[in-house]
Every structure is written in structure tokens, then in C-alpha cells.
Amino acid sequence: MPPLPWIKTFWQRQRPVNRILIAGCGTGSEAFAFRRRFPRAEIVAIDFSPRSIRAAKDLQRKNPRFQGVHFAVCNLTNPRLPKIVGDNFDFVSCHGVLSYIPTVRQVLRNLARWLEPDGVLYLGVNGEAHYSRSWRRALPGFGIEMIDFQDTRSLRQLLKLFDMLSQHRSAEIAGLGADYLAGDLFGVVIQNWPLARWANLYQSVGLHLLGSYWPFRGAVFRDVELYHLLIPSSRAEVVKLLEMLRPSSFHCLILSRQQELRPPWQELKKLRDWRLVVTPLYRQRWPQKRQRWMSVRNLKLRSPSTNRLVECRMPEWQIELLRRSDGSDSIEDILQSLSVRTLHRYLRDQLYLLYQLGAINLLPPTGAHSERVMCACERERRGRH
């Protein structure tokens, strides 16, 4: 799972999280982690395996902290599942499941139906650079039958050779457990797809991409001078570009039934009416105030959850703009209080950089976003009746 502060940054939810669904919970570790993070939320965890659900319930009985999670044996392809566990979930997590199910569209359709209009789905699925894509082609050349997994010493030695030759960057595959290898390397169905193919599926059921974790973690966006070339691309559009240039081995996607907010980056007059919010993803080390607005200062933003450091040089008045960015005032209101009369293109470029890095979010003028959410909820209510 990607860090929760990152999920919150791209979700931008204002209301409390009341209902959470863990789709494909296994033995319950993910559900228990969410229990600790959301102690007041109702958490439902489902899996097709009765054995896994029994193991999860055994762990739950032994630890009082794990109470409040409802476990159930369910098939994600069953359209009647809402009658079993309910619907209207604020947050749905489906990590490492859909890559091994043949009926992907049916599951995505169900997950989309179970979401609240302003809820999000976290989806973790294999990418085209996943190691099993090439390894499954290479193993038969050494006499290995991909449909007949035999955990032998000779297989482990061969996997160790593959680890060395491919310079696999994650945990060494040769040392992983038999259960993992049986499903993740020798499974009957393994969907290692580029983002474009996953996008065709989630878009076909009415879901929209808000962000992706792996491109976000990479060493990108270094040169501010070149950064303006991406304007006005949204976060989702930048993710798609990065996937074309450097495919991921695993996609960590935040999806919603609502389209992502698109600040008017090319219209400075309109952009001034939007509101800035510093996200919880970074810890700010604000320089000590000097009230010398034009002096250039160093700003450091650290993200412990993603192990990232962002360093910027900007005038004191721009740092003060960020200091005051809690979503209550528009950019224009803050600039006027600083006696800055206009929104310069250079500042726009700096804000766009911080926006793509997840350091800030931009909200529409007061009332615009709430009206949009209310309209979406009203359409949903009418659709159900």
C-alpha cells in the first residue's frame, strides 16, 4: 500500500471516512492496518478464500485492537455482493488482486458501483515492467513447465540466476515463499498490463484517475525551467506521459467516479480566484520571517512517508503565500494582503511544480466545488430511484 498521506493528498476529501471496503483482504493484515488508522470507521473485508477469512478471524479474536472489522467470504465478481456487505463505501482498497482475475471489467464495475459519488478506489495492479512478464517467457527455455509449479532446489537456483542477471530491484524473487511464487510467477492468469490498458477498463466503468504512486516517487521534475512545458497537463495526464516514457512494474492508482479538479493554469485571472492548500504529505520548514518580501530564501519540504526532499528557492512573499495557504482565502486575497498586485507566470510555474509533487492542492472558488459535489450526489440519488 502507498502511504496514507499520499492517498489523502490526491483524494482531497473534506468529510470523515465512514465506510471502508478491503476487496481481497487475504488474512486481514491490510484491514487491521486500516482499523488502526480509522478507529471510528466501519470496515468490511472480503475474500473468496474461506481459509484466508478463517485465519483473519482467528487473528481478530486474539487481538482486541482488531475488533470492528467485519470479515466475509465473497466473490468480487458477484453483482449481489451489496446485499451481503452493503454499499456506499467512502474508500475501497483492492491491492494485488485484479492482476490474477480473468473478469477484470466485471470486478471494476462492481467496485465502482459500491463507491460513494465522492469516494475513491485504491487499485494496485501489475504493470508491463513487472518481472513475471519476462521471466514467464524465459523459464520454459530451461525446461520449466509454467502450468506445473514444483518448488525444487534447481528451480530456486535458476530464480537466483535470474535475480542476478536481471538486477531485480525489489526483494529477491528466489527467496520468496512457495505461495507467492505459485500465484505471482506460475499463476494461470497474470495480467501485466501497461497503464493505457488498465485505463481503458476503469474508464469503461465510469472511473477517473486522480494519481499514481510509482511515477510520483521517481526522480522527476528536477528542472523548473523546463517544467512549464507540461502546463496545463493535469496530474493524471502527467502520469500517463511518464508511463509512456518509463513503464511501471506495479501501478498504485487512485480512482474516483468524479473527474479530477483542473485548475485553470493558462488563465491567470481565473487562477487567482482559486484557493491553495498545503497538503499533509510534506513537513514544512518555513524560514524565519524577515518581512523583506523580495529577498530570495531556501524552502525545504520533507516527506517522511515517501522519503522525498523538495528544495526550492523563492522570494519571501511566495513563501508567505504558502504559509497562509489553508484553503480559506483565494490566491488573490493573500497576494493583496502582501501588497502584491498580480499573479506572475513565474509564480504560476512554481505552484504548478509543487502541485504535481503533491505539496499543494488547489480548490475552486468558494461554492463551486460544493455545488459540483451536490450535483453529483443528486444525480446519484435520482439514478437509484
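Just so you know, these numbers come straight off a predicted model, no measurement behind them.

Can you help me understand the overall build of the protein in this one?
Helix and strand counts for the protein stand at 17 helices and 13 strands. Against the globule reference of 21 Å for 385 residues, the protein gives a C-alpha radius of gyration of 23 Å, in line with a compact fold. The dimensions of the protein, computed from C-alpha atoms along their principal axes, are 70 × 55 × 40 Å. Within the protein, contacts between residues at least 6 apart in sequence are counted, and of these 74% link residues at least 24 apart. Surface accessibility of the protein: about 19700 Å² in total, with carbon and sulfur atoms responsible for 50%. Mean positive and mean negative side-chain charge positions of the protein (58 and 34 charges, respectively) differ by 2 Å.

Looking at this structure, I do not really get the sheet that holds strand β13 (residues 360-363). What am I missing?
Consider a sheet: its strands pair through backbone hydrogen bonds, and that pairing is either parallel or antiparallel. With antiparallel pairing, the 3 strands of this open sheet are ordered in space as β12-β8-β13. Across the chains shown, the open sheet's two edge strands, defined by having one partner strand only, are β12 (326-330) and β13. In this sheet, adjacent strand axes meet at a mean angle of 25° when their direction is disregarded. Inspection of the sheet shows strand β8 (residues 275-278) paired to β12 by 2 bridges, in the antiparallel sense.

Whenever I open this one, the layout of surface pockets confuses me. Can you help?
To find leftover empty space, a probe the size of one water molecule is rolled over the atoms. Space inside the largest pocket adds up to approximately 1200 Å³. What lines the largest pocket is a set of 30 residues, and nearest its centre among them are Asp-47, Phe-48, Gly-96, Val-97 and Tyr-100. The set of elements that each furnish at least two residues to the lining of the largest pocket consists of α2 (29-37), β2 (42-47), α3 (50-62) and α8 (178-184). Here the lining of the largest pocket gets 5 residues from one element, more than from any other, and that element is α8. Residues belonging to the lining of the largest pocket are distributed by class as follows: 11 nonpolar, 14 polar and 5 charged.

I'm lost on the packing of aromatic side chains in this one. Help?
Per the stated rule, a full pass over the model turns up 15 aromatic pairs. Each ring, one from Phe-149 and one from Phe-186, has its centre 4.9 Å from the other, and the planes form 45°; the classification is tilted. Here Phe-149, found in the loop between α6 (131-138) and α7 (153-166), pairs with Phe-186, found in the loop between α8 and α9 (195-204); they are 37 residues apart in sequence, far enough to count as distant. For the ring pair Tyr-352 and Tyr-355, a centre distance of 6.4 Å and an interplane angle of 35° mean the geometry is tilted. Residue Tyr-352 and its partner Tyr-355 are located together in helix α16 (residues 345-356), separated by 3 residues, close to a single helical turn. For the pair Tyr-352 and Tyr-355, one class covers both residues: buried. Connected via pairs of aromatic rings, a cluster forms that spans Trp-11, Phe-34, Phe-38 and Phe-91. Against the face of Phe-89 rests Arg-19, its NZ or CZ located 4.2 Å from the ring centre. One residue, Arg-235, lies across the ring of Tyr-355, its end atom 4.0 Å from the ring centre.

About the criteria used
Residues numbered from 1 in each chain as written. Predicted model: local features only at pLDDT ≥ 70, side-chain atom pairs only at ≥ 80, totals over all residues. Heavy atoms only, no water. Helix = DSSP H or I, 4+ residues; strand = E, 2+ residues; numbered from the N terminus. Rg over C-alpha atoms; globule rule 2.2 N^0.38 Å. Contact = heavy atoms within 4.5 Å. Areas by Shrake-Rupley, 256 points an atom, 1.4 Å probe, with all protein chains shown as cover. Lys, Arg positive; Asp, Glu negative; His and termini not counted. Charge placed at Lys NZ, Arg CZ, Asp CG, Glu CD. Pairing = 2+ DSSP bridges. Axes fitted to C-alpha atoms, helices over the stretch in contact; angles between N-to-C directions. 1 Å grid on protein atoms, 1.4 Å probe; cavity = no way out; pocket = protein on both sides within 12 Å on 5 of 7 lines; lining within 4 Å. Points joined across faces, edges and corners; volume = space filled by probe spheres on them. Nonpolar A, V, L, I, M, F, W, Y, C, P; charged D, E, K, R; others polar. Phe/Tyr/Trp six-rings, centres within 6.5 Å; stacked < 30°, edge-to-face > 60°. Buried < 20%, exposed > 50% of the residue type's maximum accessible area, 1.4 Å probe, protein only. Lys NZ or Arg CZ within 6 Å of the ring centre and 35° of its normal.

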